[in-house]
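Examining the three-dimensional arrangement
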Amino acid sequence: MNKIKNTTSMIGHMIYFVRLMFSISPVFVILELIYGLLLRVPGRLISVLGMKYIIDVVESGENLERIWIGVGVIAAILVISHLLSWLYMEFYWNIAKEKLSAGLCKKLYEKAREIDLEEYDNPDFYNNFILTIETSADNIQNLLGFVRNYFTEFVTFFTIGAVIFTIDPICLLIIVVTVIVFLPFSGIVGNLHMGRRKDNAELHHRSDYFQRIFYLQDYAKEVRMNNISPLLINRYNEAADAVIENQNKYWKKISFFSGLQETGIDVLGLMFVLPAYLGYCVLLKHNIGAGDFVASFNGAYQIAISIEFLTVTALMVFSERGKMIEKYREFLACTPKIKGGEETASCEKPETIEIRNLSFTYPGSDHPVLKNINLTIKPYEKIALVGYNGAGKTTLTNLLLRLYEASDGEILIGGKNIKDVTLESHKNRFAAVFQDFQTYACTIGENVALDVNPDKDRVTQALKHSGFSKSLKNGVDTEILREFDESGTMLSGGESQKMAVSRAFYKDCPYAILDEPSANLDPIAEYELNKTMLEAAEHKTVIFISHRLSTTVGADKIYVMADGEIIESGSHAELMEKNGTYAYMFNLQAEKYRQDNKQNS
Amino acid sequence: MRYIKLQKEKAPVVKNVVWALKLILKTDKRLPMSALLMQFSSSFFHVYVKNILFLKTLLTVIDSRGDFSQYIKYLLMFLAVSVLCEALSWYGSYVNYSSVKVVLKKLNNLIFRKALSLDVANYEDPQFYDKYQRATDITDRGYFHILCNSVASIFGTVFSLILVIITVIQVNPLYLLFTLPSTAVFAVELAKSRKLYKRDLAMTGNERVKAYIKRTVFLREYSKDMRTSNIFLVMMKRFEAAVKTNIMIYKEYGFPLFIYSTVSSFFSEFLPTVGTYALAGGQFIYTDTMTISAFSVVISSINSVNRAANSLVSAFNNISQLALYFSNLREFFDYEPGVNSGEEIPGEFESLEFRNVSFRYLGAETDSLKNVSFTLNKGEKLAVVGLNGAGKTTLVKLMMRFYDPTEGEILYNGRNIKEFDIEKYRLLFGAVFQDYKNFALSVNENVICRVCDDSDRAFAEEAMKNSGAWDKISTLPDKGETVLTKEFDKNGVGLSGGENQKLSTARLFAHDFEIAVLDEPSSALDPVAEYKMYDNLVRATEGKSVVYISHRLSSAVLSDRIIVLDGGSIAERGNHTELLALGGIYAEMFNHQAEAYGKAEVG
């Protein structure tokens, strides 16, 4: 019962898919079906009817010249069907497919960008959903080929079936019965394959991991410095042995059942029962001629193949691909929880940012990351967030950027709740440099602007401010990374960091957020950055997160966070005076330098 | 099949295939043998028996209006032969598919052992890495399996083709004029596939762009930029451009491919079908030499020859593409480590000396280290300091013999380190790398680095207590037996950066080492965690000789000696006080850092 229900929903998915394709490119869908008919059906009909026609003429013994008509018809059909189908394939199909695939991808990409970031933190959603879509995004249109084949086989079954039926209905009955009796084995084989693939995937996952360790550069040093490789090889072999055992177990059954099915249909049915019946008709009953014998015999194979395709193969494809379409459908139907408002945010100059009673808990966790945060940031202020790992500093900036939705409380900018403005305009007023900043395989200008058509002068200026000093052969248009340009420029950790920081300088917006902007810099570069940062961002409100407390000294106000709360705030001097957590942390880092200063003085 | 980069010199296909088959034979003979069995029984049965012989025999009886019992006897004979063929091919496929994973395992073992014998330097050489990548494609994608089956299919096909030709000749050799050219299509098809390959090659750049863009759109690491900036538009602009160029390439190749396809269709479908029908028709009309069963033979042979031609085309195509992969595997196996093991067993540590050491990375234009000399004595603590890219990490890599110096020598207790057994030599070091790695093994195995017995477990616990990792590990339900990462254990545990680092440090405590090499963790840690970690490292190495790679200067202050690298050479050396007094790079770096902290003191 369940299986049938499943099947109907899968058919529903296939229909959805065809309609989706049809909506993107109706001409392509129709042409595909015609193509299937043109390429396959004439050849099959010739193999059944061509021989029959000629044998019939020969057997009749009259007007043998009629054979030339048959030959002429065959020649004409072949010329037309081949020419048309190759014209279609080489001049239309490839291009239509590329366009269709691009159309589908764009639909998915737009959606992916909308999905709430919190979904990415959910491993189930991320692994089973986003990553599946990623791998299948442009493959999905291959299903159109399956739809085409289905249609072709359907037509084949009815035309050739009709031919055989007119010769002798019992022949058709024999073929259909044999196929129906033995076809279930094919279903068993399909299930076994599915089970094998599933088990193997799990086992391979394990062996692949160990294989990766030897392959990946990251592990090369570690593996050579310890004696751990025998253990790793041992683990690989254990996993590989499990795969071997699994493979044996399944293939024993698979080759048996698929052999049984093939022997049943091809050998017992089509090479014994059917020809025996036909022989009986021709030799004893004399109600069938040699031409009909050949046509029924050749047609039987075609029909058997068609039936198998229309039932077992189709079911397997339905259930495998159907799942893919189901995911695809679900993905496109996702609606983000974070929605923008109606108003357009002002992007002119900084206004006061007010955070009121803000709390946040990650979905699926019962431990709040932020608890009742209150703070006010005045225009042009330079704010530092410091504190322990996991204190909630980055989360706070994520909420400000509306990457997550606060569980409680609100954020106001210029007295207006940030939920009331459009996401686009809210995004435009912030420049963000993340701790895990990314470098993109595009020009350095685009990397700095994170936008199309970067302003060259401003990019140069921004790079200068961040202390980026690498010489670039094509200036701002230099391609970064070797992703697709062998001569692309590679940046070291320090240079990438400087490039990322210059994003905050480039963007013409009132607020900048910098998360650990000097983490990868050496002391001298860090010092330079500290100096330029304040002047380059003079006309902005700046919020930065840092573990190196020497960089926070110049901030207008420092907020110390611990366990989701702000435990201290004030200027550097005030906090040192207070002699609390900030002073403790600062002293830990300053200890060496101070001792030394004393020694020197 | 995925296409690969076109290589300038054409790979000698036959030589590589023979090499590959020998390699596979060495791992498990059953795979190629079963492939032959499968291909022979199936081409014999499908191409010859079922397609030609069967119909011919039956029609002979029918045409002559023969005896029905004779007819049934023939049917029974064919039934027996067919069942036998089927049984052989089941058995073949069973053996084939079960031995495939055995070959996989053995090939991978060969690859691992080779990889382990090679240098870290190889991993940094893109050419080597490319080869390694393709070598793993052979196992990951089962290319060795495709190769075996393709070679076997050539033998099987040629065998059945000969049988078909003999049968047709018995009817009338003239028919071969129409059917045999379809085997020549083989040449057209190969030319076409070369054209296709060229087309795909022209598109690889665009496909890479598309794949990259897909990654940036879907992967977590890019998700924040996608939402807070317009980088999405940059990506879509490139996506559109890639699609547009692809379409142009399709258009450019449309006409030549159309010609190839049409010519191929002409020889494989039109000529054999129309020619055979016409010749047979002529024989029927104008002579009395043609029978219905002979007619069935010549018509069926069109299909058989076509089938044979198709399998030849795909087999040759597969083989010529796979040959390139195997030539890569072969070159991978031919790599020799540049860093070779000596035989001496190193004794207790007394001194380690760099004498005029210079080093240049392969293909680089400048030296990464220039004429570096220094000595580390027993019990000494040495700090190596410098700006980003000054050569600190390179120095450590040379010390551990991941590379050998381009010039100069490194001496351990006065003897060149090349003289020592490399594994034993490396075990002298206890290293904590900045990019330390833990494995998806149990916690204990990560610390001890082998399968653990009870005494190992106790020892691991001790080491973790020393490194501070035990605080966290003791709270886990399975303690030291907990598997790290959720990679393939649902109950596996993912540790935070700090905890992972403590676990790596436990490895240091668990091993008897002579020299500790500490690549300091960068600033992902908060000040308190950083302080504690530093404290841990100091305790782990108490009384030992230590080399610190310092990014911050805190550890330099306490070390016995500091060397400052600048552009690959030692710019300054001395202890902290001396270097401050010198007023050079070190003093500048230190003062920049100290300034902020110093200001605070004043304030």
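Residues numbered from 1 in each chain as written. Chains lettered and ligands numbered in written order. Predicted model: local features only at pLDDT ≥ 70, side-chain atom pairs only at ≥ 80, totals over all residues.

1. Looking at the overall build of chain B
The cut-off we apply is this: Numbered from the N terminus, helices here are DSSP runs of H or I no shorter than four residues, and strands are runs of E no shorter than two. Only the C-alpha atoms count toward the radius of gyration. The rule for a globule is 2.2 Å times the residue count to the power 0.38. Here the C-beta atoms are placed from the backbone, and a residue counts as buried if at least 20 other C-beta atoms lie within 10 Å of its own, exposed if 12 or fewer do, and partly exposed otherwise. Contact definition: two residues whose C-beta atoms, as placed from backbone geometry, lie within 7 Å.
The helix and strand inventory of chain B stands at 21 helices and 10 strands. Scaling as 2.2 N^0.38, a compact globule of 603 residues should have a C-alpha radius of gyration of about 25 Å, whereas chain B reaches 35 Å, well beyond that. For chain B, with 603 residues in total, the buried portion stands at 47%. Look at the contacts in chain B between residues 6 or more apart in sequence, and 77% of them connect residues 24 or more apart.

2. Quick word on the overall build of chain A
For chain A, the count of helices and strands is 18 helices and 10 strands. Principal-axis analysis of the C-alpha atoms places the extent of chain A at approximately 125 × 55 × 50 Å. The buried share of chain A, reckoned over its 601 residues, is 44%. Put simply, of all contacts in chain A between residues at least 6 apart along the chain, 76% involve residues at least 24 apart.

3. Quick look at the packing of helix 3 (residues 66–114) of chain A against helix 10 (residues 231–286) of chain B
The condition that has to hold: Whenever a helix is involved, its axis is fitted only over the stretch in contact; in every case the axis is a line through C-alpha atoms, and angles between N-to-C directions fall within 0 to 180 degrees. An angle counts as roughly parallel when it lies under 35 degrees, as roughly antiparallel when it exceeds 145, as roughly perpendicular when it falls between 65 and 115, and as oblique in every other case. Each crossing is labelled by how the near helix is turned from the far one, with a counterclockwise turn of less than a right angle marking it left-handed and a clockwise turn marking it right-handed. When residues are grouped by polarity, Ala, Val, Leu, Ile, Met, Phe, Trp, Tyr, Cys and Pro land in nonpolar, Asp, Glu, Lys and Arg in charged, and all others, Gly among them, in polar.
Contact geometry for helix 3 of chain A and helix 10 of chain B: axes closest at 9 Å, N-to-C directions at 165°. When the interaxial angle is binned, helix 3 of chain A and helix 10 of chain B end up roughly antiparallel. The chirality of how helix 3 of chain A crosses helix 10 of chain B is right-handed. Residues that form the contact of helix 3 of chain A with helix 10 of chain B fall into these classes: 25 nonpolar, nine polar and five charged.

4. A word on the interface of chain B and chain A
With 131 residues of chain B in contact, the opposing surface of chain A contributes 132 residues. The greatest single-element share of the side of chain B that touches chain A, amounting to 26 residues, is contributed by helix 10 of chain B. Tallied by class, residues from the side of chain B that touches chain A come to 72 nonpolar, 32 polar and 27 charged.

5. As for the environment of Ser153 of chain B
All names here are of chain B. Residue position: Ser153 is located in helix 6 (residues 143–171). Each C-alpha atom of the pair Ser153 and Ala308 lies 9.5 Å from the other, and the pair is 155 residues apart in sequence. Excluding residues that lie within four positions of it along the chain, Ser153 makes contacts with Gln39, Ser311 and Ala315.

6. Let's talk about the sheet that holds strand 4 (residues 407–412) of chain B
Residues and elements named next belong to chain B. Just so we agree on the cut-off: Whether two strands pair depends on DSSP finding at least two bridges between them.
If you trace the four strands from one edge of the open sheet to the other, you get 2-1-4-5, paired in antiparallel fashion. A single partner strand is all that each edge strand has here, and the edge strands are strand 2 (369–377) and strand 5 (415–416). Both strand 1 (residues 351–359) and strand 2 contribute to a ladder of six bridges, which runs antiparallel. Counted as the bridge partner of Val357 is Val372 from strand 2.

7. Focus on the nonpolar core
Using the following cut-off: One nonpolar core equals one set of buried Ala, Val, Leu, Ile, Met, Phe, Trp, Tyr and Cys residues connected by C-beta atoms within 7 Å.
In this structure, Ile175, Ala304 and Leu385 of chain A together with Val298, Val384 and Val447 of chain B are the most contacted members of the largest nonpolar core, which totals 317 residues. The element that contributes the greatest number of residues to this core is helix 11 (residues 292–334) of chain B, accounting for 20 residues.

8. Description of the sheet that holds strand 9 (residues 561–566) of chain B
Residues and elements named next belong to chain B. Spatially, 6-7-8-3-9-10 is the arrangement adopted by the six strands of the open sheet, whose pairing is mixed. Edge positions in the sheet fall to strand 6 (429–432) and strand 10 (569–574), since each of these pairs with one other strand and no more. Within this sheet the neighbouring strands show an average axis-to-axis angle of 20°, counted without direction. Across five bridges, the pairing between strand 3 (residues 381–386) and strand 8 (residues 545–550) is parallel. Looking at the pairing, Lys381 lines up with Val546 of strand 8.

9. What to know about helix 9 (residues 229–285) of chain A
Our working rule: Working definition for bend: take the seven residues up to and ending at a residue and the seven starting at it, fit an axis to each, and measure the angle between the axes.
Along its length, helix 9 of chain A reaches its greatest deviation from straightness, about 45°, at Gly269 of chain A. Directly after helix 9 of chain A, the chain includes His286 of chain A, whose backbone phi takes a positive value near 60°.

10. Focus on the packing of helix 9 of chain A against helix 3 (residues 68–117) of chain B
Two elements in contact, helix 9 of chain A and helix 3 of chain B, have axes separated by 9 Å at closest approach and are oriented at 165°. With respect to helix 3 of chain B, the element helix 9 of chain A is oriented roughly antiparallel. The chirality of how helix 9 of chain A crosses helix 3 of chain B is right-handed. Along the lines of polarity and charge, the residues of the contact of helix 9 of chain A with helix 3 of chain B split into 29 nonpolar, 13 polar and five charged.

11. Topic: the pairing of strand 6 (residues 430–433) of chain A
In regular strands, side chains alternate between the two faces of the sheet. Residue and element names in this part refer to chain A. Here strand 6 shows no split at all, with Phe430 and Ala432 on one side and Ala431 and Val433 on the other all buried. Sheet topology places strand 6 next to strand 7 (residues 511–515); four bridges connect them, and they run parallel. Looking at strand 7, one finds that Ala431 is bridged to Ala512.

12. A closer look at the domain arrangement of chain A
All names here are of chain A. The criterion, for reference: For the domains described, the bounds stem from an automatic or database domain assignment.
According to the domain assignment, chain A contains domain 1 (1–153), domain 2 (348–429 + 511–520 + 536–590) and domain 3 (437–508). Just the C-alpha atoms count here: the centres of domain 2 and domain 3 sit 27 Å apart. Listed per partner, the contact involves seven residues of domain 2 and seven residues of domain 3. The residue makeup of the side of domain 2 that touches domain 3, split by class, is six nonpolar, one polar and no charged.

13. Focus on helix 2 (residues 26–60) of chain A
Note the threshold: To estimate how far a helix should reach, multiply one less than its number of residues by 1.5 Å.
With 35 residues, helix 2 of chain A should cover 51 Å at 1.5 Å per step; its first-to-last C-alpha distance of 49 Å lies within 8% of that length. Phi turns positive one or two residues past the end of helix 2 of chain A, at Gly61 of chain A, with a value near 75°.

14. Digging into the environment of Ala500 of chain A
Residues and elements named next belong to chain A. Structurally, Ala500 is set in helix 15 (residues 493–506). Residues Ala500 and Asp116, 384 residues apart in the sequence, show an inter-C-alpha distance of 24 Å. Every residue in contact with Ala500, bar those within four places of it in the chain, is listed here: Val433 and Phe437.

15. Looking at the pairing of strand 9 (residues 557–562) of chain A
All names here are of chain A. Where strand 3 (residues 382–387) meets strand 9, five bridges bridge the pair, whose relative direction is parallel. For Gly387, the partnering residue across the bridge sits in strand 9 and is Met561. Sheet analysis places strand 9 next to strand 10 (residues 565–570), joined by five bridges and oriented antiparallel. Considered in strand 10, the bridge of Ala562 is made with Glu565.

16. Here we look at unusual backbone geometry
For Asp563 of chain A, which is not glycine, the phi torsion reads 50° and is therefore positive. Tracing the backbone shows Asp563 of chain A in the loop between strand 9 and strand 10. Since 15 C-beta atoms lie within 10 Å of it, Asp563 of chain A is described here as partly exposed. Its identity is not glycine, yet Cys449 of chain B carries a phi of approximately 70°, on the positive side. Of note, Cys449 of chain B is situated in the loop between helix 14 (443–448) and helix 15 (454–467).

17. Describing the confidence of the model for chain B
Residues and elements named next belong to chain B. This is how it is decided: By definition, pLDDT measures how confident the predictor is in each residue, and it falls between 0 and 100.
In this model, chain B carries an average pLDDT of 86, and 95% of its residues clear a pLDDT of 70 or more. Note on residues 1–9: pLDDT under 50 across the span, and 10 contacts to partners over four residues away in sequence or across chains. If you check the scores for this complex, the pTM reads 0.80 and the ipTM reads 0.85.

18. Regarding the environment of Arg330 of chain B
For Arg330 of chain B, the position within the fold is in helix 11. Apart from the residues within four sequence positions on either side, Arg330 of chain B is in contact with Asn16 and Trp19 of chain B.

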